[in-house]
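This is what each chain is made of:
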Amino acid sequence: MWKWLHPYAKSEKAFELCARLLPWLSISAIVILATGTLWGLMFAPADYQQGDSFRIIYIHVPSAILSMGVYSAMAVAALVGLVWQLRTATMAVAAIAPVGAVLTFIALFTGAAWGKPMWGTWWVWDARLTSELILLFLYLGVMALYQSFDDKQQGGKAAGVMALVGVVNLPIIHFSVEWWNTLHQGATITKFGKPSIAPEMLWPLLLCILGLALASAALSVYRFQSELMRREIHRPWVQAQARKEHSDAV
Amino acid sequence: MQFESWSEFWAMGGYGFFVWLAFGVSLLALIGLILQSRLARKQVLRTILQEQQRQKRIQASRSKQVKGNKA
């Protein structure tokens, strides 16, 4: 496997792989996300306690799960970048962070818009909400740290260290609803055991999670390509690629 | 469909404001991220092409200098 993977550490190969993946990721993301959202909004039955307000689940849960999933992916890239000193891995960290930040913002905002009608408040300083807010600040910190270095490889290392330290926050977010008394309800879907949600509500939710995951992947891949070009500006293949993309756009 | 009419759909059983606020802002945030990614890419392309032009000009003036020295 290592022999097969190794060429993709080189920037040109990585770029080609991204270019091949991007159309599939984008198209499937749009189709699946649209299907899941429309299904959830129009066809899933209303909740017997929360009425139609529960439909916020179809954006809140996917974005919340992915805010943590994307962070794990970024942390893995950071680890690879620090241990094996791969330039492409630090570029991936820089590409993924803004995507994760937007997902975290969506999770927080939709949570507030759901909390107001159900809990009677937009925001409480409880464990789940506060740790998710810290996740947003971690993403912003990683982005700011990367930006603040002129030498992007140094910036990538600094941002990578911050991303790795921030991993402690992930289990805190996950278990916050069990460790502390909180307004936030427990997990709806767990890997083990039956989900506490009716199947006709669950299917569109799973589609939304998959669709948003694909969208996050597509955006990360696209941003990774841009970061690669920015960092390898003097390489002949980057210049050729820039000429090609520019003439395609005009 | 769970709703009898479009107006019922938009009302969301009285929770319309919160549901559409959540979905609207999420959609805007995603579109914003897509636009920003697109702009950033265009910026990178522009920088690369400008740098190429600059290198070309440097080369051109150098070869001119060499010719001038010979003459």
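What counts as what
- Residues numbered from 1 in each chain as written.
- Chains lettered and ligands numbered in written order.
- Predicted model: local features only at pLDDT ≥ 70, side-chain atom pairs only at ≥ 80, totals over all residues.
- Heavy atoms only, no water.
- Helix = DSSP H or I, 4+ residues; strand = E, 2+ residues; numbered from the N terminus.
- Rg over C-alpha atoms; globule rule 2.2 N^0.38 Å.
- Buried < 20%, exposed > 50% of the residue type's maximum accessible area, 1.4 Å probe, protein only.
- Contact = heavy atoms within 4.5 Å.
- Areas by Shrake-Rupley, 256 points an atom, 1.4 Å probe, with all protein chains shown as cover.
- Lys, Arg positive; Asp, Glu negative; His and termini not counted.
- Charge placed at Lys NZ, Arg CZ, Asp CG, Glu CD.
- Salt bridge = Lys/Arg side-chain N within 4 Å of Asp/Glu carboxyl O.
- Expected span 1.5 Å × (residues − 1).
- Core = buried A, V, L, I, M, F, W, Y, C linked by side-chain atoms within 4.5 Å.
- Phe/Tyr/Trp six-rings, centres within 6.5 Å; stacked < 30°, edge-to-face > 60°.
- Lys NZ or Arg CZ within 6 Å of the ring centre and 35° of its normal.
- Axes fitted to C-alpha atoms, helices over the stretch in contact; angles between N-to-C directions.
- Parallel < 35°, antiparallel > 145°, perpendicular 65-115°, else oblique.
- Left-handed = near helix turned anticlockwise from the far one by under 90°.

Colleague: For the overall build of chain A, give the residues involved together with the corresponding values.
Modeller: Along chain A, the regular secondary structure elements total nine helices and zero strands. Each helix and strand of chain A, placed in order from N terminus to C terminus, yields the pattern α-α-α-α-α-α-α-α-α. In terms of overall size, chain A behaves like a compact globule, its C-alpha atoms giving a radius of gyration of 20 Å where 250 residues would be expected to give roughly 18 Å. C-alpha extents for chain A along the principal axes are approximately 60 × 35 × 35 Å. Looking at chain A as a whole, 50% of its 250 residues qualify as buried. In chain A, the proportion of contacts linking residues at least 24 apart, taken out of those at least 6 apart, comes to 73%. Accessible area of chain A: about 12,500 Å², with a carbon and sulfur share of 69%. Of note, chain A has its 18 positive side-chain charges centred 7 Å away from the centre of its 14 negative side-chain charges.

Colleague: Please set out the pattern of salt bridges residue by residue, giving values where relevant.
Modeller: Taken as a whole and assessed by the stated rule, the structure comprises six salt bridges over all chains. Here R230 of chain A makes a salt bridge to E227 of chain A, at a shortest N to O gap of 3.0 Å. Within this pair, R230 of chain A and its partner E227 of chain A are both found in helix α8 (residues 199-231), separated by three residues, close to a single helical turn. Since its relative accessible area comes to 5%, E227 of chain A is described here as buried. Across the salt bridge formed by E51 of chain B and R54 of chain B, the nearest N and O atoms sit 3.4 Å from each other.

Colleague: Provide a residue-level description of helix α9 (residues 236-249) of chain A, including the pertinent values.
Modeller: The terminal C-alpha atoms of α9 of chain A lie 20 Å apart, and with 14 residues this matches the ideal 20 Å at 1.5 Å per residue to within 8%. Residues of α9 of chain A that are buried include every one of W237, V238, Q239, Q241, A242 and E245 of chain A, and no others.

Colleague: So what's going on with the nonpolar core? Which residues, and what values?
Modeller: Soluble globular proteins tend to bury their nonpolar side chains together. Ranked by size, the top nonpolar core spans 84 residues in total, and within it Y58, Y71, M74, Y139, F224 and M229 of chain A carry the most contacts. Other than its neighbours up to four places away in sequence, M229 of chain A contacts F15, V238, Q241, A242 and E245 of chain A together with R41, V44, L45 and I48 of chain B.

Colleague: Got a sec to walk through the packing of aromatic side chains? Specific residues and values, please.
Modeller: Two measures describe an aromatic ring pair: the distance that separates the ring centres and the angle between the ring planes. For the structure shown, the criterion picks out 14 aromatic pairs over all chains. Ring centres of F54 of chain A and Y58 of chain A lie 5.8 Å apart, and the angle between their planes is 70°; on these two criteria the pair is classed as edge-to-face. Residue F54 of chain A shares its accessibility class with Y58 of chain A, and that shared class is buried. With a centroid separation of 5.4 Å and an interplanar angle of 20°, the aromatic rings of F175 of chain A and W179 of chain A are classed as stacked. Here W179 of chain A and F175 of chain A lie together in helix α7 (residues 169-179), a separation of four residues that amounts to about one turn. Of the residues examined, F175 of chain A reaches a relative accessible area of 31% and is grouped as partly exposed. Grouped by ring-pair contacts, the aromatic residues F3, W6, F9, W10 and W20 of chain B constitute a single cluster. The ring of Y146 of chain A is capped by K152 of chain A, whose NZ or CZ atom sits 5.0 Å from the centre of that ring. Lying over the aromatic face of Y222 of chain A, R41 of chain B brings its terminal NZ or CZ to 4.4 Å of the ring centre.

Colleague: Talk me through the packing of helix α3 (residues 57-83) of chain A against helix α5 (residues 127-147) of chain A; I want residue IDs and the actual numbers.
Modeller: Residue and element names in this part refer to chain A. Their axes nearest at 11 Å, the elements α3 and α5 cross at an angle of 40°. By the angle between their axes, α3 is oblique relative to α5. By crossing handedness, the relation of α3 to α5 is classed as left-handed. Within the contact between the two elements, α3 uses A64, S67, M68, V70, Y71 and M74 and α5 uses E132, L135, L138, Y139 and V142.

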